[in-house]
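Okay, here's what each chain looks like letter by letter:
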Amino acid sequence: MTLNRREFIKLMGGTAAVFGFSGVLLQGCKKAIQEAAERTPVIWLQAQSCSGCSVSLLNAIDPGIATVITEHISLNYHQTLMGGTGDAAIRVLEEAVKKQRKDFVLVVEGSIPVDSEEYCTIGMLNGKHVSALEWVRELGKNAKAILAFGTCAAYGGIPAAESRKTGKNPTGAKSLAEILPNASIINVPGCPPHPDWMIGTVLHYLLKGMPELDEYKRPKLFFGKTVHDQCEHLPDYKRGRFAKHWGDEGCLYLLGCLGMDSGCDIPKRKWLGGVNSCTGCGSGCIGCTEPVFPDYGQRGLYKHLTASLDEINSLEEPQIRAAVLNLRNGGSING
Amino acid sequence: MAKIYLDPITRIEGHLSIEVDVQNGKVVDAKSKGDMFRGFEKILQGRNPVDANQITQRICGVCPVSHGIASSKCLDAAFGIKANKNGRLLRNLVLGANFLQSHILHFYHLCALDFVDITAILNYKGSDAGLKAVQAWAKEELSLKKGRIDQITAVGPFLPRYEAKDAYIADADLNVAAIAHYLQALDIRTKAHKMVTVFGGRAPHLIGLVPGGLTQVPTKALIREYKKNLNDVEKFVNEIYIKDVIAVARAYSDYFKLGKYDNHLSYGVFESDDSGSSFMFQQGVLSGGKVDKLDTSLIREQVRYARYKSASDLHPLKGQTEPDPHKGGAYTWLKAPRYDGKPMEVGPLPRVAISYLSGNAAVKREVDAVLKEFNADISAVFSVLGRHAARAIESKLLCIQIREWLDELETGGAPRTPYEIPSTGEGEGLVEAPRGALGHWIVIEDKKIANYQCVVPTTWFCGPRDDRGNLGPVEQALIGTPIADPANPIEAARVVRSFDPCIACAVHIVEGDREITQFRVC
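Residues numbered from 1 in each chain as written. Chains lettered and ligands numbered in written order. Predicted model: local features only at pLDDT ≥ 70, side-chain atom pairs only at ≥ 80, totals over all residues. Heavy atoms only, no water.

**Focus on the overall build of chain B**
Secondary structure assignment for chain B yields 14 helices and 15 strands. Relative to a compact globule of 522 residues, whose C-alpha radius of gyration would be 24 Å, chain B shows 23 Å and is just as compact. Overall, the C-alpha framework of chain B stretches about 65 × 60 × 50 Å when taken along its three principal axes. The burial tally for chain B puts 68% of its 522 residues in the buried class. Long-range contacts, defined as pairs at least 24 residues apart, comprise 73% of the intrachain contacts of chain B with a sequence gap of at least 6. Accessible surface, chain B as shown: approximately 16,300 Å² in total, 50% of it carbon and sulfur. For chain B, the centre of its 64 positive side-chain charges and the centre of its 62 negative side-chain charges are spaced 2 Å apart. (Helix = DSSP H or I, 4+ residues; strand = E, 2+ residues; numbered from the N terminus. Rg over C-alpha atoms; globule rule 2.2 N^0.38 Å. Buried < 20%, exposed > 50% of the residue type's maximum accessible area, 1.4 Å probe, protein only. Contact = heavy atoms within 4.5 Å. Areas by Shrake-Rupley, 256 points an atom, 1.4 Å probe, with all protein chains shown as cover. Lys, Arg positive; Asp, Glu negative; His and termini not counted. Charge placed at Lys NZ, Arg CZ, Asp CG, Glu CD.)

This is the structure:
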């Protein structure tokens with residue numbers, strides 16, 4: 001594997017100071033890169049996914065995806081990118097299981113349904129469909145590291161959400177940790193995850209070992225601080241300047257931004273190499289890196305906080321409560 | 001007769017498999033199978049209608065922009081509002097950028113490996129640094145893994161692959177050029193996603209789409225950033241993409257006769273004014289060589305061969321659908337949508353053909369220019385190669401049109417129309433995804449989603465037989481495809497991939513105890 005120090009540091013977060021990247025890690029970095037001899041195999045399995053994580057991976061800029069595939073890892077299986085079709089593709093998974101390979105990193109994208117094996121099948125063996133559940137269990141037995149990419153694999157995400165009418169999930173969709181309860185899994189949530197988070201976590205594991213994880217098994221490196229703490233609109237918040245409508249200047253809290261509840265560095269890292277961010281475009285955070293996404297209890301993704309007096313009175317911070325009341329008295333509020 | 005399974009069909013979005021019967025070297029029967037099911041529409045019930053915009057984008061990571069816009073238009077209708085001019089233009093700009101991203105991804109990263117011999121890089125003798133690095137990598141992979149436990153993964157993910165005789169392009173220079181363009185296209189499609197992100201805040205799943213428009217106020221700086229990327233994408237489309245499609249067509253000209261299909265439908269896309277009924281690519285239904293007006297009340301979904309136990313042949317808005325994973329005779333999670341009783345192909349080919357036959361001068365100019373290269377008439381476009389060419393033509397025209405939309409933007413102006421969520425309401429939102437016609441429908445009760453339904457492109461073309469046994473479009477298009485080597489059925493894969501299937505989109509469930517009784521046809 002080749003990855004120079006500049007690339008590694010950039011991927012992990014720009015500068016050590018901004019992202020709390022430990023000095024020890026930086027000092028050891030160069031040596032580790034020199035010692036890493038061969039590209040580690042990665043088997044990337046898609047279950048109940050939308051392929052959004054994979055598309056986001058393609059948006060990697062520094063390093064780009066071609067560099068990652070030819071220099072950093074050996075991408076053995078990836079349904080969206082691989083040359084093989086049908087048997088020519090499935091042979092790779094079959095051999096990994098049969099030969100009990102233990103040398104690979106298993107990446108899972110998407111939740112895994114358990115109510116019926118028919119809800120997600122990948123390929124055939126001996127004339128029978130093989131379920132995603134079976135592949136995950138078999139490959140999970142021997143993988144040297146297991147990574148859940150995206151909120152669906154990490155926590156269940158949208159496919160595991162319940163119907164609010166029936167209180168049930170349609171397919172019994174589960175997170176990877178629920179399927180492999182005894183495995184040590186690194187979660188890289190996000191809907192989608194930023195490509196740097198995915199590539200950075202893999203490289204961190206390969207070069208420096210297990211990254212430090214938070215209570216939700218996410219690398220602190222990327223998810224350790226809230227959106228709010230790193231937000232472009234933080235000065236607005238501190239001055240009590242709140243947007244009343246989408247498109248207004250100011251902190252987006254009253255429009256339902258979930259940045260205070262969500263661990264993620266997008267306001268600093270931004271999407272697509274710095275082009276824009278969830279908060280920067282004036283929309284706000286929908287909390288997609290959190291285990292409670294997309295439910296947030298009964299709250300949901302969008303909640304205009306100035307909609308009712310009850311809502312306002314339940315706001316804990318006096319500064320915000322006052323600002324919201326002021327807005328409410330100032331005229332009609334739209335979403 | 002030999003039965004051949006292509007399971008999984010890789011290099012598409014999602015979980016699709018194909019079963020074909022081959023007799024005397026040709027496909028005589030085909031089954032298209034959607035192998036994954038999530039139940040999105042059930043999950044939407046009881047939620048804030050505005051949440052539908054974000055949740056439905058997660059139906060598909062390749063065409064989330066289309067779902068977001070279908071959902072926005074559906075909510076606009078239910079809320080009784082219309083996007084303002086900036087909102088309409090911004091929607092066109094993010095959707096147009098994602099069309100470019102999706103079309104380039106489809107040709108280079110999803111389909112090219114069915115034509116291009118990737119192993120040609122091993123004999124590369126030129127001096128391009130990028131290609132030399134890829135060559136060194138491939139050689140090292142092969143020598144390092146030879147005889148090892150992981151030998152099969154050498155040069156992964158590009159190998160292993162189907163190895164039928166003469167399957168791939170023989171010309172070494174053409175192969176090497178294509179590999180270089182594959183790499184370049186990775187960068188270009190990322191630039192197209194930068195264009196999406198400039199106004200949408202994030203890609204693939206946009207954060208900035210809301211009812212009435214977008215949240216991002218257009219500024220001069222953002223327009224500059226968008227244009228900078230557009231310039232690179234446009235150069236690639238005009239100087240490389242279109243030429244590569246023509247080169248593949250020259251090398252595989254028999255694919256002008258393969259994968260043919262007759263019935264076509266388009267909802268129309270890229271609103272050209274605030275009326276909501278005038279489009280850059282026209283709306284219509286093409287059957288028997290004649291273009292008719294679209295009437296969405298003629299849509300039905302049939303489930304005899306789909307894994308649902310409920311009634312068949314209902315309008316999607318009245319659909320009662322309950323999953324039955326082990327239903328006898330059923331072989332897919334996709335339903336069979338029919339328009340006026342007929343299966344319909346949707347996608348770039350229907351869009352371009354319907355626009356051409358509706359007198360769209362720009363489309364006619366570009367289509368005729370490509371047809372002239374092959375001395376062919378319009379009938380040649382109804383084929384595997386026609387689908388690839390239609391995407392390239394759309395891309396070229398979009399790059400031109402996008403500049404006009406940018407010029408029309410009012411910088412600093414409101415990006416959307418305000419709204420309030422009504423207690424009750426109904427709405428329909430129709431748009432085109434890169435891979436075809438997409439419709440969302442909503443019923444709101446007590447300010448919450450009572451019912452939400454999507455009818456998506458891949459269900460139209462990858463759906464199964466209908467109740468009368470008529471094959472779905474992909475199934476029908478496969479009939480007659482020659483299969484030279486049953487162990488390596490690459491010809492069938494080429495036909496299927498030409499449609500650009502997206503299976504995550506296509507599989508959904510409708511809990512139909514609330515009918516949508518009336519809706520507006522956009």
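**Here we look at the pairing of strand 5 (residues 121–125) of chain A**
Residues and elements named next belong to chain A. Within strand 5, four of the five residues are buried, which leaves it mostly tucked inside the rest of the structure. Of the strand pairs in this sheet, strand 5 and strand 6 (residues 128–131) are connected by three bridges, and their pairing is antiparallel. Of the residues in strand 6, the one forming a bridge with Met124 is His129. Between the antiparallel neighbours strand 5 and strand 6 lie two residues, among them Asn126 with a positive phi of about 50 degrees. (Pairing = 2+ DSSP bridges.)

**Remarks on the confidence of the model for chain B**
Residues and elements named next belong to chain B. Taken as a whole, chain B shows an average pLDDT of 93; of its residues, 96% reach a score of 70 or greater. Throughout residues 508–522 the model reports pLDDT below 50, and contacts reaching past four residues in sequence, or to other chains, amount to 60 contacts. Among the prediction metrics, the complex's ipTM stands at 0.95, with pTM recorded as 0.93. (pLDDT = per-residue confidence, 0-100.)

**Some remarks on the packing of helix 4 (residues 85–111) of chain B against helix 6 (residues 172–200) of chain B**
Between two packed helices, both the angle of their axes relative to each other and the distance between the axes serve to describe the pair. Residues and elements named next belong to chain B. It is the contact of helix 4 with helix 6, at a shortest axis distance of 8 Å, that shows an interaxial angle of 165 degrees. Looking at the two axes, helix 4 sits roughly antiparallel to helix 6. The element helix 4 and its partner helix 6 pack so that their crossing is left-handed. Touching Leu90, Leu93, Val94, Ala97, Asn98, Leu100, Gln101, Ile104, Leu105, Tyr108 and His109 of helix 4 are His181, Tyr182, Ala185, Leu186, Ile188, Arg189, Ala192, His193, Met195, Val196, Phe199 and Gly200, all from helix 6. For the contact of helix 4 with helix 6, the class distribution of residues is 16 nonpolar, six polar and one charged. (Axes fitted to C-alpha atoms, helices over the stretch in contact; angles between N-to-C directions. Parallel < 35°, antiparallel > 145°, perpendicular 65-115°, else oblique. Left-handed = near helix turned anticlockwise from the far one by under 90°. Nonpolar A, V, L, I, M, F, W, Y, C, P; charged D, E, K, R; others polar.)

**Focus: the side chain of Glu271 of chain B**
On the secondary structure map, Glu271 of chain B appears in strand 7 (residues 269–271). Setting aside anything within four residues of it in sequence, one finds Glu271 of chain B in contact with Lys73, Arg88, Asn92, Gly276, Ser278 and Phe279 of chain B.

**Some thoughts on the confidence of the model for chain A**
All names here are of chain A. Taken as a whole, chain A shows an average pLDDT of 87; of its residues, 85% reach a score of 70 or greater. Contacts from residues 15–31, a stretch scored under 50 in pLDDT, to residues over four places away or in other chains number 21 contacts. Segment residues 331–335: pLDDT under 50, and 16 contacts once partners within four positions in sequence are set aside and those in other chains are kept.

**Regarding the sheet that holds strand 3 (residues 26–34) of chain B**
Residue and element names in this part refer to chain B. Ordered by their spatial adjacency, three strands build an open sheet running 1-2-3, and the pairing between neighbours is antiparallel. One side of each edge strand has no neighbouring strand; the edge strands of this open sheet are strand 1 (2–6) and strand 3. Averaged over all neighbouring strand pairs, the angle between strand axes comes to 20 degrees, with direction disregarded. Two strands pair when backbone bridges link them, and strand 2 (residues 16–23) and strand 3 are joined in this way by eight bridges, in the antiparallel orientation. The residue of strand 3 that forms the bridge with Gln23 is Lys26.

**Brief notes about the nonpolar core**
Among the nonpolar cores identified, the biggest contains 221 residues, and Phe199, Leu265 and Leu478 of chain B are the most heavily contacted of them. Sort the elements by how many residues they give to this core and helix 7 (residues 220–251) of chain B lands first, with 14 residues. Once residues lying within four places of it in the same chain are set aside, the contact partners of Leu478 of chain B are Ile18, Val20, Val27, Ala30, Ala492, Val495 and Val496 of chain B. Residues Leu45, Tyr77, Ile179 and Leu180 of chain A belong to the second largest nonpolar core, which totals 35 residues. (Core = buried A, V, L, I, M, F, W, Y, C linked by side-chain atoms within 4.5 Å.)

**Section: the sheet that holds strand 14 (residues 436–445) of chain B**
All names here are of chain B. The three strands lie next to each other as 13-14-15, forming an open sheet whose pairing is antiparallel. Edge positions in the sheet fall to strand 13 (424–433) and strand 15 (448–455), since each of these pairs with one other strand and no more. Pairwise comparison of adjacent strand axes, ignoring direction, gives a mean angle of 15 degrees for this sheet. Summarising the sheet, strand 14 and strand 15 pair through seven bridges and their orientation is antiparallel. For Gly439, the partnering residue across the bridge sits in strand 15 and is Val455. Running over the sheet, helix 3 (residues 64–79) touches strand 13, strand 14 and strand 15 and is turned about 150 degrees from strand 13.

**A closer look at the interface of chain B and chain A**
Many descriptions give the size of an interface as the accessible area lost when the pieces come together. At the junction of the two partners, chain B supplies 90 residues and chain A supplies 84 residues. Looking only at chain B, the three residues that lose the most surface to chain A are Asp7, Arg47 and Pro157 of chain B, adding up to 8% of its buried area. Counting across the interface, chain B meets chain A through four salt bridges. Between Glu141 of chain B and Arg39 of chain A there is a salt bridge, and its shortest N-O distance comes to 3.3 Å. Residue assignment for the side of chain B that touches chain A shows that the elements contributing at least two residues are strand 1, helix 1 (40–44), helix 2 (51–57), helix 4, helix 5 (129–145), helix 6 and strand 4 (209–210) of chain B. Its residues assigned to classes, the side of chain B that touches chain A comprises 41 nonpolar, 24 polar and 25 charged. (Buried area = accessible area lost by both parts, 1.4 Å probe. Salt bridge = Lys/Arg side-chain N within 4 Å of Asp/Glu carboxyl O.)

**Things to note about helix 5 of chain B**
Taking 1.5 Å per residue, 17 residues should reach 24 Å; helix 5 of chain B reaches 24 Å between its end C-alpha atoms and fits that length. All buried positions along helix 5 of chain B are accounted for by Leu131, Val134, Gln135, Trp137, Ala138, Glu141 and Lys145 of chain B. Down the axis, helix 5 of chain B shows its buried residues gathered within 160 degrees of arc, on one side only. Facing away from the buried side of helix 5 of chain B, by more than 90 degrees, are the exposed residues Ala129 and Ser143 of chain B. The elements touched by buried residues of helix 5 of chain B are helix 5 (65–72) and strand 2 (73–78) of chain A together with helix 6 of chain B. (Expected span 1.5 Å × (residues − 1). Arc of directions from axis to C-beta.)

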